[in-house]
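# Tertiary structure, described
The chain contents come next:
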Amino acid sequence: MAKVELRGVRKSYGPLEVIHGVDARVADGEFIVIVGPSGCGKSTLLRMVAGLETITVGEIAIGDAVVNEREPKDRDIAMVFQNYALYPHMSVYDNMAYGLRIRGMSKAEIDGRVKKAAGILELGPLLERKPRQLSGGQRQRVAMGRAIVREPKVFLFDEPLSNLDAKLRVQMRFEIQKLHRQLGTTSLYVTHDQVEAMTLAQRMIVMNAGRAEQIGTPMEVYEDPATQFVAGFIGSPSMNFLPGKGAGAGKIALEHGGIVHHAAGQVDTGRSVVVGIRPEHLVVADPADAFFAGTVELIEQLGADTLVHVAHGADSSIVRRPHGLQPEPGSTLHVSADPSSVFLFDAASGARLR
Amino acid sequence: MDVSTAPEPKARLPFLARMLRLPHARGAGRREGMVENRPFLTVLTHAVLLLGVAVIAFPVYVTFVASTITAEEVLAAPMPLVPGPHLIENYREALLHGAGNSAAPVWRMMANSMISALVIAIGKIVISLLSAFAIVYFRFPFRMFFFWMIFVTLMLPVEVRILPTYKVVSDLNMLDSYTGLTLPLIASATATFLFRQFFLTIPDELAEAARIDGAGPMRFFWDVVVPMSKTSMAALFVIQFIYGWNQYLWPLIVTTQEDYYTVVIGIKRMIAGGGEASVEWHLVMATAIMAMLPPALVVILMQRWFVKGLVDTEK
């Protein structure tokens, strides 16, 4: 086990820079999720930690040693790939033992480690099977087993659950959490799925377009997003954004009519801002107290909740309502929110205004 | 290709049978209460099949018959169509003493053919595996240039480059040697290209997983790439063995000593020169039958692997 540090890490392919300087510290034994939309550079960042991509500028340290120039095998890491990358012609046992054999470990020790990992992952009865005889979830477990037997300092997961169906994903998510509690190995986990990120992470790094927009615990990121991007990316359904302008103390005039009360600091009158309110914070209000009124366009019933899509000028907002309390489509809905749950972002830069 | 998605020959058969309206494929029709019986079509299709088999098998049968009778009987008109009693004696004569102008015994020529075919087939597989591995997994200057150079030679048959090749081989003093017989035929654009295409289907993550596991390039090659290519190698071996065995023009020009004749050349030498009557046809036919056996055996013994290599890549 070890801490991992990224210091001003940049990556360029020729003249094209894809990672624009990422600084992050992963504490010993921490489970960090790197989350972002596809193409944001999160996998590239992970592959740089693994040593599969070179580091253009900056340093990556595992433990106390800078590993920029080290081969993957010398970094003491283990990686789980999205498509599992199991050796198709080797049995489950050999898949797990291969790396240890190359290291010249004794047969007895290999056997002990493989059996132990198989026990943790409940792979015991499958050890003699070939990967193609296994289901997706089992293959995923073998891939994790291959990482565990190495007893590395750091686990790297590259979207390990995205090839599984929804139910299995939830189960494997649970198993990964259990595994981390059991082994306590420092882990870096890449995903594009914000639910996975919220549930697995001790801390998360939200990436966008090659930058780490925010680093923090899931609840910090959810409750106190640093930018409009983070606010919109984390949370499902995503935050409602309504353009408006400063209109005196604690008030924003929305572009399509209505006044939003907020608890953020002073916003100059006339300054363009974006108001962000989460669907779960929007409430139905009396016309007198409402921020704005809109027409109910669409109702999505999810069982426990109902999502009400409200059209408001050219904007559309989602209001999350408890089951059974939905309005009629076409009716007018007056909504408001607690001023403390209203976020403001700069219209041009997307930076949070506090 | 996943095993489960590979088209199984068995699964295709009912469809084929239905197209040909064979009796056992009419289950569906019967369920609907339709009595469909077209014996004429059944007979016709079988007749066509039998005719096809006869056209191909009859010459082989005649060759076999001719190899079991005496030289006089072969030349008699009409030639008998039932095997005679001289089978063992003819084959022993051909094997140990040869026939006609070619004084080399057939066992010697068979051995030469076997050596060349094996060296060519195995050599081609080894060279192509390595060059395809280099082209797919390594980034070196002019990589694509070399690939295209190899690819372009696909378009040139042996016959086109035979003169320059002969010049090179003769300047290197490799005429009348096994090296001369086999080496120029080993370089194979086709096999390199096939292996390259196969390697490209191996996911990159596998190479990366091996790197993280600590396997160097050659270790990855031996432990992962070669075992995964087993079926393709088997398919190529069958094709290249037959290619090597059937070589005619190249062995003909690089060998002048009977010690290095392959059996295909030997047969030609046995019937070359001399009049029609002086050719010992019964021995020539025995040699021809023997020359047919090894390729046929290779196909039969490796059939399962061969088919697997063409339809299934074990991934």
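The following paragraphs examine the structure supplied in this document. Keep in mind the model is a prediction, meaning the values are calculated, not measured.

What counts, and where the lines are drawn
Residues numbered from 1 in each chain as written. Chains lettered and ligands numbered in written order. Predicted model: local features only at pLDDT ≥ 70, side-chain atom pairs only at ≥ 80, totals over all residues. Heavy atoms only, no water. Axes fitted to C-alpha atoms, helices over the stretch in contact; angles between N-to-C directions. Helix = DSSP H or I, 4+ residues; strand = E, 2+ residues; numbered from the N terminus. Left-handed = near helix turned anticlockwise from the far one by under 90°. Contact = heavy atoms within 4.5 Å. Nonpolar A, V, L, I, M, F, W, Y, C, P; charged D, E, K, R; others polar. Buried < 20%, exposed > 50% of the residue type's maximum accessible area, 1.4 Å probe, protein only. Pairing = 2+ DSSP bridges. Buried area = accessible area lost by both parts, 1.4 Å probe. Salt bridge = Lys/Arg side-chain N within 4 Å of Asp/Glu carboxyl O. Polar contact = N/O pair within 3.5 Å; in protein donor to acceptor, adjacent residues only side chain to side chain. Right-handed = clockwise from strand over helix to strand, strands pointing away. Arc of directions from axis to C-beta.

Before going further, it helps to examine the packing of helix α6 (residues 106–137) of chain B against helix α9 (residues 178–186) of chain B. Residues and elements named next belong to chain B. Contact geometry of α6 with α9 gives a least axis separation of 9 Å together with a crossing angle of 35°. Of the two elements, α6 crosses α9, and the hand of that crossing is right-handed. For the pair α6 and α9, contact is made by R108, N112, I115, S116, V119, I120, G123, K124 and I127 and by Y178, L181, T182, L185 and I186, respectively. Taken together, the residues that form the contact of α6 with α9 break down as eight nonpolar, four polar and two charged.

What follows covers the environment of K116(A). All names here are of chain A. Relative to the helices and strands, K116 resides in helix α3 (residues 107–121). Overall, K116 belongs to the exposed group, its relative accessible area being 52%. For K116 and I148, which are 32 residues apart along the polypeptide, the C-alpha to C-alpha distance reads 9.4 Å.

A few words on the sheet that holds strand β5 (residues 65–66) of chain A. Residue and element names in this part refer to chain A. A sheet is described by the order of its strands in space; here four strands give the open sequence β2-β1-β4-β5, paired in antiparallel fashion. Bordering the open sheet on either side are β2 (16–26) and β5, each of which pairs with just one other strand. With five bridges connecting them, strand β1 (residues 4–13) and strand β4 (residues 57–62) associate as antiparallel partners. Bridge pairing links L6 to I60 in β4. Along the sheet, helix α1 (residues 42–50) makes contact with β1, β2 and β4, crossing β1 at roughly 115°.

What follows is about the pairing of strand β11 (residues 240–246) of chain A. Across a regular strand the side chains alternate sides, sitting on one face of the sheet and then on the other. Residue and element names in this part refer to chain A. Taken together, the six bridges between β11 and strand β14 (residues 272–277) define a ladder with antiparallel strand orientation. Opposite F241, over in β14, you have G276 as the bridge partner. Judged from the three bridges that link them, β11 and strand β12 (residues 251–254) form a sheet pairing that is antiparallel. Residue G244 lies in a different strand from β12, and its bridge partner there is L254. The hairpin formed by β11 and β12 contains four residues between the paired strands, and G248 there has a positive phi angle of roughly 90°.

In this assembly, 19 residues from chain B lie in contact with 25 residues from chain A. Interface of chain B and chain A: buried area, both sides summed, is about 2,000 Å²; carbon and sulfur atoms make up 59% of it. Considering only the side of chain B, the residues that lose the most area to chain A are R211(B), I212(B) and D213(B), jointly responsible for 36% of the buried surface there. Counting the contacts that link chain B with chain A gives three salt bridges. Between R211(B) and E71(A) there is a salt bridge whose closest N-O contact spans 3.8 Å. At the junction of chain B with chain A, the criterion picks out eleven residue pairs in polar contact (both at pLDDT 80 or more). Those elements giving two or more residues to the side of chain B that touches chain A turn out to be α11 (204–213) and α12 (217–228) of chain B. When residues of the side of chain B that touches chain A are assigned to their parent elements, the largest contribution, eight residues, is made by α11(B). A per-class count over the side of chain B that touches chain A returns ten nonpolar, one polar and eight charged.

This next bit is on the pairing of strand β7 (residues 154–158) of chain A. Residue and element names in this part refer to chain A. With five of five residues buried, β7 is to be regarded as a mostly interior element. Burial along β7 is two-sided: the residues V154, L156 and D158 and F155 and F157 are all buried. For β7 and strand β8 (residues 186–191), the ladder comprises five bridges, and the chain directions are parallel. Paired with F155 across the strands is S187, a residue of β8. What joins β7 to β8 is helix α5 (residues 166–183), and the crossover it makes is right-handed.

Moving on, we come to the pattern of salt bridges. All names here are of chain A. If you walk through the whole model with that rule in mind, you get 24 salt bridges over all chains. A salt bridge links K115 to D111, with the shortest nitrogen-to-oxygen separation between them at 3.3 Å. Taken together, the residues K115 and D111, both in helix α3 and four residues apart, mark about one turn of the helix. Ionic pairing is found between R320 and D305, a salt bridge with its closest N-O pair at 2.7 Å. Highlighted residues: R320 in strand β18 (residues 315–322) and D305 in strand β17 (residues 305–312), separated in sequence by 15 residues.

Take helix α5 (residues 87–97) of chain B next. Because the α-helix completes a turn every 3.6 residues, residues three or four places apart line up on one side. All names here are of chain B. All of the buried residues in α5 are N90, Y91 and A94. Viewed end-on, α5 has its buried residues packed into an arc of 95°, placing them on one side of the element. Residues of α5 that are exposed and angled more than 90 degrees away from the buried face: I88, R92 and H97. One or two positions beyond α5, positive phi appears at G98, with a value near 75°.

Moving on: unusual backbone geometry. Residues and elements named next belong to chain A. The residue after S236, namely P237, is reached through a cis peptide bond having omega -10°. Mapped onto the elements, P237 comes out in the loop between α8 (228–233) and β11. Phi is positive for D76, which is not a glycine, with a value near 60°. The topology assignment puts D76 in the loop between β5 and β6 (77–80). You will see that A209, though not glycine, has its phi angle at about 45°, which is positive. Its place among the elements puts A209 in the loop between β9 (203–208) and β10 (211–216). On the accessibility criterion, A209 (43% relative accessible area) is partly exposed.

This part covers the side chain of T186(A). All names here are of chain A. With respect to the element layout, T186 can be found in strand β8. Separated by 2.6 Å, the side chain of T186 and the backbone oxygen of A2 make a polar contact. Reaching out from T186, the side chain makes a polar contact with the backbone nitrogen of G29 at a distance of 2.9 Å.

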